[in-house]
Amino acid sequence: MVSSKDNPLAKSLKSTASYASRSSWDTSTAFEESFRILRSNLSVALADTERPTVIVTSASPEEGKTLTCVNLAFAFAAAGRRTVLVDLDLRHPNAHRLVNAHNEYGVSEVLLGKRKLEDTLQYVELPAQPSGLQTGLYFLGTGADVASPAELLGTGRTSRLLSGLAEQADLVLIDTPPVLPVADTLVIGRIASGALLVTAARSSSTIAVSKAKDLLIRNQTRLFGVVLNKFRASDASFGFGYGYGYGSGASSEPEAVGSDTPSRNGADSAHIPGTL
């Protein structure tokens, strides 16, 4: 699935990244449009941040944080931003599956000194843009399981790893574990520029989300904003932004949240806030 191949972007990161399979990013769908809106909002929030490293997390499992992180990375990469996606969910890695990359080695091996960074980065090529521009992103998976993820992530090597990537990229997006079950995200939050907190409509507990927010703030992690996932336009009587189809048979066109016209098929959709 992965073949070794030099590419200009990899050289600009002072590495020779291996190539992963081409990933799907259809710029014509409402799903991608929602992430372009989120990309725009996050870009504004990061305007005064040098070498941004942003963690994407949630209060609890199964709220869509990994899907959000991966597709946000695709959106930035499609816009020509040099983007690095790092999976630091060492307990339940899943990002590699969404980008069609391998997870044979990655962060664990780098932090333990078993492999060099340039030997673990993968370059994920995206389909050509309508303009003909060929883009892609860099991916660093978790690698092998480790006995004590929080302790490994809490070492100075993690800070140096992320700082080194940030110095050579426009943006580093980091998929981390949920905030409440384990301490990993709070450890990473101390060295990242800030966080996006993903919540799921109708399933996320308000108490849990509030607790996760408070923990991040007390941890001195800057909260860039909250992404409400799996939102139905019919759930709100007013609002702004767009939704995207999030189920089988979902409409390919966005519905205005809070419009007089309900979703045609009742499928779940995600609401991307107009401001962060």
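Just above sits the structure.
Reference entry: report on the structure contained in this document. Bear in mind the structure is a predicted one, so any value in this text is a computation, not a measurement.

## Structural notes on the overall build of the protein chain
Step number 1: For the protein chain, the count of helices and strands is nine helices and 10 strands.
Step number 2: Per-residue burial over the protein chain gives 53% buried out of 276 residues.
Step number 3: When the accessible area of the protein chain is evaluated, it comes to approximately 12,200 Å², of which 48% is carbon and sulfur surface.

## Things to note about unusual backbone geometry
Step number 1: For arginine 51, which is not glycine, the phi torsion reads 50 degrees and is therefore positive.
Step number 2: Topologically, arginine 51 is positioned in the loop between helix H2 (30-45) and strand E3 (53-58).
Step number 3: A positive phi angle is found at glutamate 62, which is not glycine, with a value near 65 degrees.
Step number 4: In this structure, glutamate 62 sits in the loop between E3 and helix H3 (65-78).
Step number 5: A relative accessible area of 71% places glutamate 62 in the exposed class.

## So, the pairing of strand E8 (residues 194-200)
On any regular strand, side chains alternate: one points to one face of the sheet, the next to the other face.
Step number 1: Of all seven residues that make up E8, seven are buried, and the element is covered over most of its length.
Step number 2: Burial along E8 is two-sided: the residues Gly194, Leu196, Val198 and Ala200 and Ala195, Leu197 and Thr199 are all buried.
Step number 3: Looking at chain direction, E3 and E8 are connected through five bridges and run parallel. Considered in E8, the bridge of valine 56 is made with leucine 196.
Step number 4: For E8 and strand E9 (residues 223-231), the ladder comprises six bridges, and the chain directions are parallel. Along E9, the bridge assignment pairs leucine 197 with valine 226.
Step number 5: At this point the chain moves from E8, through helix H9 (residues 206-218), to the parallel E9, and the crossover so formed is right-handed.

## Some remarks on the nonpolar core
Soluble, globular proteins show a tendency: their nonpolar side chains are buried together.
Step number 1: Counting 31 residues, the largest nonpolar core has Leu72, Leu85, Val99, Leu137, Phe139 and Leu173 as the members making the most contacts within it.
Step number 2: Of all the secondary structure elements, the ones that give two or more residues to this core are H2, E3, H3, strand E6 (136-140), strand E7 (171-175), E8 and E9.
Step number 3: If you tally residues by element for this core, the top one is H3, at nine residues.
Step number 4: Membership of the second largest hydrophobic core comes to 25 residues, among which are Leu90, Val107, Val110 and Leu121.

## Digging into the environment of threonine 221
Step number 1: By the element assignment, threonine 221 lies in the loop between H9 and E9.
Step number 2: A relative accessible area of 3% places threonine 221 in the buried class.
Step number 3: Residues threonine 221 and glycine 194, 27 residues apart in the sequence, show an inter-C-alpha distance of 5.5 Å.
Step number 4: Ignoring anything within four residues of it in the chain, the contact list for threonine 221 reads Ile55, Gly189, Arg190, Gly194, Ala195 and Leu216.
Step number 5: Within the structure, threonine 221 has its side chain in polar contact with the backbone oxygen of glycine 189 (distance 3.2 Å).

## Brief notes about the side chain of serine 204
Step number 1: Within the secondary structure layout, serine 204 lies in the loop between E8 and H9.
Step number 2: A polar contact is formed between the side chain of serine 204 and the backbone nitrogen of alanine 200, at a distance of 2.6 Å.
Step number 3: Apart from residues no more than four positions distant in its own chain, serine 204 is found in contact with Glu63, Thr199 and Val209.

## Here we look at the side chain of threonine 185
Step number 1: Turning to its location among the elements, threonine 185 is positioned in helix H8 (residues 184-189).
Step number 2: Those residues in contact with threonine 185, other than ones at most four positions away along the chain, are Ile55, Thr57, Thr176, Pro177, Pro178, Val179 and Leu216.

## Remarks on H3
Step number 1: Across its 14 residues, H3 extends 20 Å between first and last C-alpha, which sits within 8% of the 20 Å expected from 1.5 Å per residue.
Step number 2: Counted residue by residue, H3 has 13 buried out of 14 residues, so it is predominantly covered.
Step number 3: At the C-terminal side of H3, glycine 80 shows a positive phi close to 90 degrees.

## Examining the pattern of salt bridges
Step number 1: One pass over the structure, following the stated rule, counts five salt bridges.
Step number 2: Among the ionic pairs, lysine 65 bridges to aspartate 89, the shortest N-O distance being 3.1 Å. Residue lysine 65 is found in helix H3, and its partner aspartate 89 is found in the loop between strand E4 (83-87) and helix H4 (95-98); the two are separated by 24 residues along the sequence.
Step number 3: By relative accessible area, which is 8% here, lysine 65 ends up buried.
Step number 4: Note that aspartate 184 and arginine 91 form a salt bridge whose closest N and O atoms lie 2.9 Å from each other. You can see aspartate 184 sitting in helix H8 and its partner arginine 91 sitting in the loop between E4 and H4, a full 93 residues away along the chain.
Step number 5: When its relative accessible area of 0% is taken as the criterion, aspartate 184 is described as buried.
Step number 6: When salt bridges that share partners are traced, they join Lys65, Asp89 and Asp175 into one network.

Definitions and cut-offs
Residues numbered from 1 in each chain as written. Predicted model: local features only at pLDDT ≥ 70, side-chain atom pairs only at ≥ 80, totals over all residues. Heavy atoms only, no water. Helix = DSSP H or I, 4+ residues; strand = E, 2+ residues; numbered from the N terminus. Buried < 20%, exposed > 50% of the residue type's maximum accessible area, 1.4 Å probe, protein only. Areas by Shrake-Rupley, 256 points an atom, 1.4 Å probe, with all protein chains shown as cover. Pairing = 2+ DSSP bridges. Right-handed = clockwise from strand over helix to strand, strands pointing away. Core = buried A, V, L, I, M, F, W, Y, C linked by side-chain atoms within 4.5 Å. Contact = heavy atoms within 4.5 Å. Polar contact = N/O pair within 3.5 Å; in protein donor to acceptor, adjacent residues only side chain to side chain. Expected span 1.5 Å × (residues − 1). Salt bridge = Lys/Arg side-chain N within 4 Å of Asp/Glu carboxyl O.

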